[in-house]
Amino acid sequence: MKLLDIIQKRCSIRQYSPTPVEKEKVEYILEAARLAPSAVNYQPWYFLVIEEEENRKKVVECYPREWIRTAPLFIVVCGDHDQSWKRASDRKDHLDIDAGIVTEHICLAATEEGLGTCIVCNFDVPLFRNYFRLPEQIEPLAIIPIGYPTSPDLFTKTPKKRKPLAETIWKETF
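A quick note: this is a predicted structure, and the numbers were derived from the prediction, not measured.

Draft legend 1. Just the side chain of threonine 117, in detail. Summarising the element assignment, threonine 117 is placed in strand β3 (residues 116–117). Once you skip the residues sitting within four places of it in the chain, threonine 117 turns out to touch Arg10, Cys11, Ser12, Ile13, Tyr16, Cys107, Ala110, Ile144, Pro145 and Ile146.

Structure below.
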């Protein structure tokens, strides 16, 4: 499958079958994440893989939506502010940019493997930090539920609302 095909297929899946995700697929997704680019190649991320029922319940407590309970696996992208690159001119911390890139690598690799994902950023960070004993400089940035969609049709039936390309392009100056 070509990259653009994978990008067009990828969507937010909120209906997962209970089928466990195979270890080989998890390893493939994590390798795709590991290879993501980052500012100055600092790679300021960690991936918390959560599959055990007890810990999955803790994730659900941090994001109490019914649909997320069905995901058999979570990969949580965490960033280390002590390791991230800060731009010299204004001290802009590029952790969020790096995390966004690696998060999309995870989602695209999962899509390629026939797995659904959804990027969840609106969760109880202090509760999550406490449950999973994160050090102060480590920030949980995105919870990514991963699993097989209840129906493969969800990839094509989930609407994609995107602006036309012409509305997003400026040439030479704004």
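Draft legend 2. A look at the sheet that holds strand β2 (residues 73–80). Strand order across the open sheet formed by 4 strands is β1-β2-β4-β3, with antiparallel pairing between neighbours. Edge positions in the sheet fall to β1 (45–50) and β3, since each of these pairs with one other strand and no more. Pairing of β2 with strand β4 (residues 138–147), which is carried by 8 bridges, proceeds in the antiparallel orientation. Following the sheet pairing, isoleucine 75 is matched in β4 by isoleucine 144. Here helix α2 (residues 23–34) sits on the sheet in contact with β1 and β2, set at roughly 165° to β1. Those strands touched by helix α4 (residues 95–112) are β1, β2, β3 and β4, and its axis lies near 15° from that of β4.

Draft legend 3. Representation of the nonpolar core within the structure. Of all hydrophobic cores here, the largest spans 24 residues; its most connected members are Ile50, Val59, Trp67, Ile68, Phe74, Phe128 and Ile143. Elements supplying a minimum of two residues to this core: α3 (53–62), β2, β4 and α6 (154–157). When near neighbours in sequence (up to four residues on either side) are disregarded, valine 59 contacts Ile50, Phe74, Phe128, Phe132 and Ile143. The next biggest cluster of nonpolar side chains, apart from the first, holds 22 residues, and it includes Ala32, Val77, Ala99 and Val102.

Draft legend 4. View of α3. When α3 is considered as a whole, its buried residues turn out to be Arg56, Val59, Val60 and Cys62. Mapping the buried residues of α3 onto a view down its axis gives an arc of 155°, with all of them on the same face. Here the buried face of α3 lies against β1, β2, α5 (125–131) and β4.

Draft legend 5. Geometry of α4. For α4, built from 18 residues, the straight-helix expectation of 26 Å at 1.5 Å per residue is met to within 8% by its first-to-last C-alpha distance of 26 Å. All of the buried residues in α4 are Leu95, Asp98, Ala99, Val102, Thr103, Ile106, Cys107, Leu108, Ala109, Ala110 and Thr111. Glycine 114 lies just past α4 and shows a positive phi near 80°.

Draft legend 6. View of the packing of aromatic side chains. Counting across every chain of the model gives 5 aromatic pairs. Aromatic pair tyrosine 63 and tryptophan 67: ring centres 6.0 Å apart, planes at 75°, arrangement edge-to-face. Judged on exposure class, the residue tyrosine 63 and its partner tryptophan 67 are both buried. Ring geometry for phenylalanine 123 versus phenylalanine 128: centroids 5.8 Å apart, planes at 70°, classification edge-to-face. A single burial state applies to phenylalanine 123 and to phenylalanine 128, both of which are buried. What links up through ring pairs into an aromatic cluster is the set Phe123, Phe128 and Phe132. In this arrangement the basic side chain of lysine 9 is found over the ring face of phenylalanine 155, its NZ or CZ atom lying 4.6 Å from the centre.

Draft legend 7. Layout of the pattern of salt bridges. Evaluation of the coordinates by the stated rule reveals 8 salt bridges. Between arginine 10 and glutamate 104 there is a salt bridge, with its nearest N and O atoms 4.0 Å apart. Taken together, the positions of arginine 10 in the loop between α1 (3–9) and α2 and glutamate 104 in helix α4 put the pair 94 residues apart, joining distant regions of the chain. Exposure remark for arginine 10: the relative accessible area of 11% places this residue in the buried category. Under the relative-accessibility criterion, glutamate 104 is labelled partly exposed at 29%. In this structure, lysine 157 and aspartate 153 form a salt bridge, with 3.9 Å as the shortest nitrogen-oxygen distance.

Parameters at a glance
- Here the residue index of a chain counts from 1 through its sequence in written order.
- pLDDT decides what is reported in this predicted model: residues at 70 or higher carry local features, side-chain atom pairs at 80 or more are listed and counted, and totals for whole chains, interfaces and linings draw on all residues regardless.
- Only heavy atoms go into the side-chain values, all of them from the structure, while hydrogens and water stay out.
- Helix numbering and strand numbering both begin at the N terminus, where a helix is a DSSP run of H or I of at least 4 residues and a strand a DSSP run of E of at least 2.
- The criterion used for residue contact is that any of the two residues' heavy atoms lie within 4.5 Å.
- Here, a strand pair is defined by DSSP locating no fewer than two bridges between the strands.
- Whenever a helix is involved, its axis is fitted only over the stretch in contact; in every case the axis is a line through C-alpha atoms, and angles between N-to-C directions fall within 0 to 180 degrees.
- The term nonpolar core refers to a set of buried residues drawn from Ala, Val, Leu, Ile, Met, Phe, Trp, Tyr and Cys, joined through side-chain atoms within 4.5 Å.
- Residue exposure (1.4 Å probe, protein chains only): buried if accessible area is under 20% of the type maximum, exposed if over 50%, otherwise partly exposed.
- Directions drawn from the helix axis to the C-beta atoms are what define this arc.
- Here, expected helix span is obtained from the residue count minus one, scaled by 1.5 Å.
- In this scheme Phe, Tyr and Trp rings, the latter by its six-membered ring, pair at centre separations within 6.5 Å, and the angle between planes marks the pair as stacked below 30 degrees, edge-to-face above 60, and tilted otherwise.
- Think of it as a cone above the ring: NZ of Lys or CZ of Arg counts as a charge over the ring if it is within 6 Å of the ring centre and within 35 degrees of the ring normal.
- The term salt bridge refers to a pairing of a side-chain nitrogen on Lys or Arg with a carboxyl oxygen on Asp or Glu at a separation within 4 Å.

Structural measurements only, silent on function.
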